[in-house]
Each structure stands twice: as structure tokens, then as C-alpha cells.
Amino acid sequence: MKVIEHINRAKEKNETLISFEVLPPLKGKGIEALYEHMDPLMEFHPAYINVTYHRSEHEFRKNPDGSFKKVTIRKRPGTESICAAIMNKYNVDTVPHLICGGFSITETEDALINLQYLGIDNVLVLRGDAAKHETAFIPHPDGHRYAIDLLKQVVNLNNGIYLEEELINSRKTSFCIGVAGYPEKHFEAPNMETDLVYLKAKVDAGADYIVTQMFFDNAKYYAFVDACRAKGINVPIIPGLKPISTKKQLTTLPKVFSIDLPSELCNEVLKCKNNEDVEKVGEEWLLEQSRDLKKNGVPVLHYYTLGKPHIIANAIKRL
Ligand code: FAD
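Because the structure is a prediction, the values reported are computed rather than measured. (Residues numbered from 1 in each chain as written. Predicted model: local features only at pLDDT ≥ 70, side-chain atom pairs only at ≥ 80, totals over all residues. Heavy atoms only, no water.)

Peer 1: Quick one: what's the story with the site of the ligand, residue by residue and with numbers?
Peer 2: Residues in close proximity to the ligand total 22 residues, the closest being Tyr53, Asp129, Tyr182, Asp195 and Lys202. A distance of 3.5 Å is found between a nitrogen atom of the ligand and a side-chain nitrogen or oxygen belonging to Tyr146. At 2.7 Å, a side-chain N or O of Lys202 approaches an oxygen atom of the ligand. In the complex, the protein chains occlude 86% of the 980 Å² of accessible area that the ligand would expose alone. Elements that contribute at least two residues to the shell around the ligand include exactly β5 (93–99), β6 (122–126) and α6 (192–204). For the shell around the ligand, the element with the most residues is α6, which contributes three residues. Classifying every residue of the shell around the ligand by side-chain character gives eleven nonpolar, five polar and six charged. (Near = heavy atom within 4 Å. Polar contact = N/O pair within 3.5 Å; in protein donor to acceptor, adjacent residues only side chain to side chain. Areas by Shrake-Rupley, 256 points an atom, 1.4 Å probe, with all protein chains shown as cover. Helix = DSSP H or I, 4+ residues; strand = E, 2+ residues; numbered from the N terminus. Nonpolar A, V, L, I, M, F, W, Y, C, P; charged D, E, K, R; others polar.)

Quick look at the structure:
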């Protein structure tokens, strides 16, 4: 079932849905590692599960003679098949992330056809970040530069328009399409206004809903929703939430995700003697954020589960 159908049904019943984002296991770990991560979360009956996509990276490895060789590795492969495996094991809808980076448009079309064969109704379309060896995002020579270009390809397939124009009676896909939004602005956008212009373009091109980057201050989410509505962006805006769990995250989260952490949260974390205490602070903060968002009628509470699913499970139990 499509994410937008889940949202519309929940709206009729005045319910707030729960969804989770998981990462494919590191290569070599096996899918059981993912199931162990997910098992404690499934008792909350998520409406759907997002599975992230991780592009290939180049690394330079030292040869015995001291020279270096360039190797291409994908540390977390398998997004599409993991989605199918999760659907099969837990009987829940899945949302594979699709990215522009590293893909030609032909490879993207093949991936979409695979998803359709697997019975997957949803995609979250993203540009992807720059590869680790690049200083800025460089599109594949035959690929897409922006998420909107990928989105238009999915919309085309939904209208039965494949890359090979001479295909006759081609089957229309029926993907529900999500896109990313940034309550604290995407780090490359010159200002919020411009970022919203491009976000509106994604919605006008056919996005069914928006999922936000994580934020730790709900006021930023509400301001973002208001700004979107003022711009005529009227699709559901799903808040993305993550618990803080280590002291180190006070510096890594702002750097990696270009977000601010509220001083009240930082002060609480700095008082902690160890990371077990930080987890407790993270759980309380997540619970308060979730309660407030639920009270204010958000359609879904979407949790980024990387690393610490038990903190999320504890918070949801108390919600
Ligand atoms: P876009 O919408 O293309 O925007 C990128 C930048 O370009 C923005 O600054 C925007 O303002 C600007 N822009 C957009 N359109 C235009 C245009 N036509 N002309 C000029 N400028 C334009 N990354 C992964 O690699 N794998 C994942 O699984 C993944 N999952 C994510 C899930 C969520 C919910 C979020 C919020 C992010 C995720 N990311 C993931 C990270 C994401 O790929 C990066 O944030 C990336 O830098 C931007 O992606 P986007 O889809 O927002 O890009």
C-alpha cells in the first residue's frame, strides 16, 4: 500500500502513524543483523519502513610495494532486495530510497522496474550527497543532477513513458513518491526561500509527500510547515526524528546534517557522566518531541533508527 494511502486512512481515523528508517546491514553482516535491529520496533506496528540507499565509494588501498590501488566498494548494498525481504518477513510496506548519485538513467529505470516486480509501491527520491572522494556532488555522466530530475523519471514511468520510446502498450507503474525537505535549510541552498522554491518544484512535479531532515527543536518544524503552506506546498510533511545517544553527536550531528541542537538539550547532555546517561536524555527529548508533534496532529512520526533502536522503542512505549 502507498504511504499516501496510509496517511489518508489515518487522517480519517484521527490517528498518528509511526514509521521507521533503517539502513541495509554492512556488507558481510547478513540480513539477520538487520532483523535483530528491527525486531524490537515491530511491536509498534509501523505503517511502513524506509530503507536507505548507499552509493559506491572509491578508496585507495596500499599495495605491498607501497603504491596505491583504487578500489570501488559499496558498504551497504541491497536496498531493493532488503525492502522485499522486510515485506515478506514482517508483512509491512517498505519505501526504498532512490538516489541520483552514481546512477545512469538506464540503471535507474531498471531499478524501478525491479521494484515494481517486487510489489513495492513507494519510493523516496533523493539526490544523494557527494561521494566521499568528491568535494561537491557530481552527477553520473548519464544520470540526474537534482532529485526533481529523478522524480520526473518516476512520474514518466507512472505514465507508462519508458526511456525506450518505441515500447508499445508499456505498463504504467504506480509509485507513491516522497521527497526530502529541510526545516533548517539544505546546506547548499543560498537561503531558505530558494530552498523552498525548489521544494515546491518537486511537489508540483508530482511528489506526494515530504519527509524532513531530523530536527531537535519542534519550533523549527512548525515554522517550516508554515513557510511551506505559505508557498502553496500542501502535501503532508512528515517529521523525521532521531534520539541523541552519545556526547560526540553534539559535534557530529550539526556537521553531518547541517542542523542546530537546542542549548537546553546540549546542556543536559553535557551534564551526563557517560553515554548511558546521554541515552536517557535522548529518550526523554525524543518522547517530548513526539508527544508535542502528535498533539499538533502530524500525520506520521518517522524515526531514524540507526544505532539505537531501543531508545526509540522505550520512547514510543511511553508515548
Ligand atoms: P535536491 O532536492 O536535488 O536538492 C539539493 C540542493 O539543490 C538543495 O540545496 C536545493 O535547494 C538545490 N536545488 C534543487 N533543485 C535545484 C535546481 N533545479 N536548480 C538549482 N538548485 C536546485 N542520501 C543518501 O545518499 N541515501 C539515502 O538513503 C538518503 N536518505 C535521506 C532521507 C531523508 C529523509 C533526507 C532528508 C535525506 C536523505 N539523504 C540520503 C541525504 C540527501 O541525499 C542529501 O541531503 C542531498 O544533499 C540532497 O538531497 P535532496 O533530494 O534534498 O536534493
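So that's the structure; there's more coming.
Peer 1: Tell me about the packing of helix α2 (residues 31–42) against helix α3 (residues 79–90), residues and numbers included.
Peer 2: Look at α2 against α3: their axes get within 12 Å of each other, and the N-to-C directions meet at 50 degrees. By the angle between their axes, α2 is oblique relative to α3. In this structure, α2 meets α3 at a crossing whose hand is right-handed. Of the residues in α3, those touching α2 at Ile31, Leu34, Tyr35, Met38, Asp39 and Met42 are Ile82, Ala85, Ile86, Lys89 and Tyr90. Looking at the contact of α2 with α3 residue by residue, the classes come out as nine nonpolar, no polar and two charged. (Axes fitted to C-alpha atoms, helices over the stretch in contact; angles between N-to-C directions. Parallel < 35°, antiparallel > 145°, perpendicular 65-115°, else oblique. Left-handed = near helix turned anticlockwise from the far one by under 90°. Contact = heavy atoms within 4.5 Å.)

Peer 1: Give me the sheet that holds β6: which residues, what numbers.
Peer 2: Around the barrel, eight strands lie side by side as β1-β2-β5-β6-β7-β8-β9-β10; this closed barrel has parallel pairing. Direction aside, the axes of adjacent strands within the sheet are offset by 25 degrees on average. Pairing of strand β1 (residues 17–22) with strand β2 (residues 48–51), which is carried by four bridges, proceeds in the parallel orientation. From the neighbouring strand, Val22 faces β2, where its bridge partner is Val51. (Pairing = 2+ DSSP bridges.)

Peer 1: Could you give an account of the nonpolar core, with specific residues and numbers?
Peer 2: Counting 62 residues, the largest nonpolar core has Phe20, Ile86, Val123 and Tyr303 as the members making the most contacts within it. Among the elements that take part in this core, α3 stands out by supplying six residues, more than any other. When sequence neighbours within four positions are dropped, the list of residues in contact with Tyr303 reads Ile18, Ser19, Phe20, Glu21, Leu241, Leu286, Ser290, Ile312, Ile316 and Leu319. In this structure, Leu17, Tyr48, Leu126 and Ile259 belong to the second largest nonpolar core, which totals 34 residues. (Core = buried A, V, L, I, M, F, W, Y, C linked by side-chain atoms within 4.5 Å. Buried < 20%, exposed > 50% of the residue type's maximum accessible area, 1.4 Å probe, protein only.)

Peer 1: Help me get a handle on the packing of α2 against helix α11 (residues 309–317), residues and values and all.
Peer 2: Running from N to C, α2 and α11 point in directions that differ by 5 degrees, and their axes come no closer than 9 Å. Comparing their axes, α11 and α2 come out roughly parallel. Contacts from His37, Pro40 and Leu41 in α2 reach Pro309, Ile312 and Ala313 in α11. For the contact of α2 with α11, the per-class residue count stands at five nonpolar, one polar and no charged.

Peer 1: Which residues make up the pattern of salt bridges, and what are the values?
Peer 2: Per the stated rule, a full pass over the model turns up 13 salt bridges. The salt bridge involving Lys75 is made with Glu59; its shortest N-O contact spans 3.4 Å. Placement of the pair is Lys75 in the loop between β4 (68–73) and α3 and Glu59 in strand β3 (residues 57–62), with a sequence separation of 16 residues. Among the charged side chains, a salt-bridge network with shared partners connects Glu59, Arg61 and Lys75. (Salt bridge = Lys/Arg side-chain N within 4 Å of Asp/Glu carboxyl O.)

Peer 1: So what's going on with the pairing of strand β8 (residues 209–214)? Which residues, and what values?
Peer 2: For β8, the buried fraction is high: six of the six residues fall into the buried class. Judged from the four bridges that link them, strand β7 (residues 176–181) and β8 form a sheet pairing that is parallel. What sits directly across from Ala180, in β8, is Val211. Between the parallel pair β7 and β8, the chain is carried across by α6, and the sense of this crossover is right-handed. Bridge count for β8 against strand β9 (residues 237–241) is three bridges, and the pairing is parallel. Pairing of Met214 across the sheet is with Gly240, part of β9. In this fold, the crossover linking β8 to β9 by way of helix α7 (residues 218–230) has right-handed handedness. (Right-handed = clockwise from strand over helix to strand, strands pointing away.)

Peer 1: Can you break down the environment of Gly181 residue by residue, with the values?
Peer 2: Structurally, Gly181 can be placed in strand β7. When its relative accessible area of 2% is taken as the criterion, Gly181 is described as buried. A C-alpha to C-alpha distance of 6.9 Å links Gly181 and Leu199, two positions 18 residues apart in sequence. Residue contacts for Gly181: discarding those within four places in its chain leaves Leu199, Ile210, Val211, Thr212, Gln213 and Phe224.

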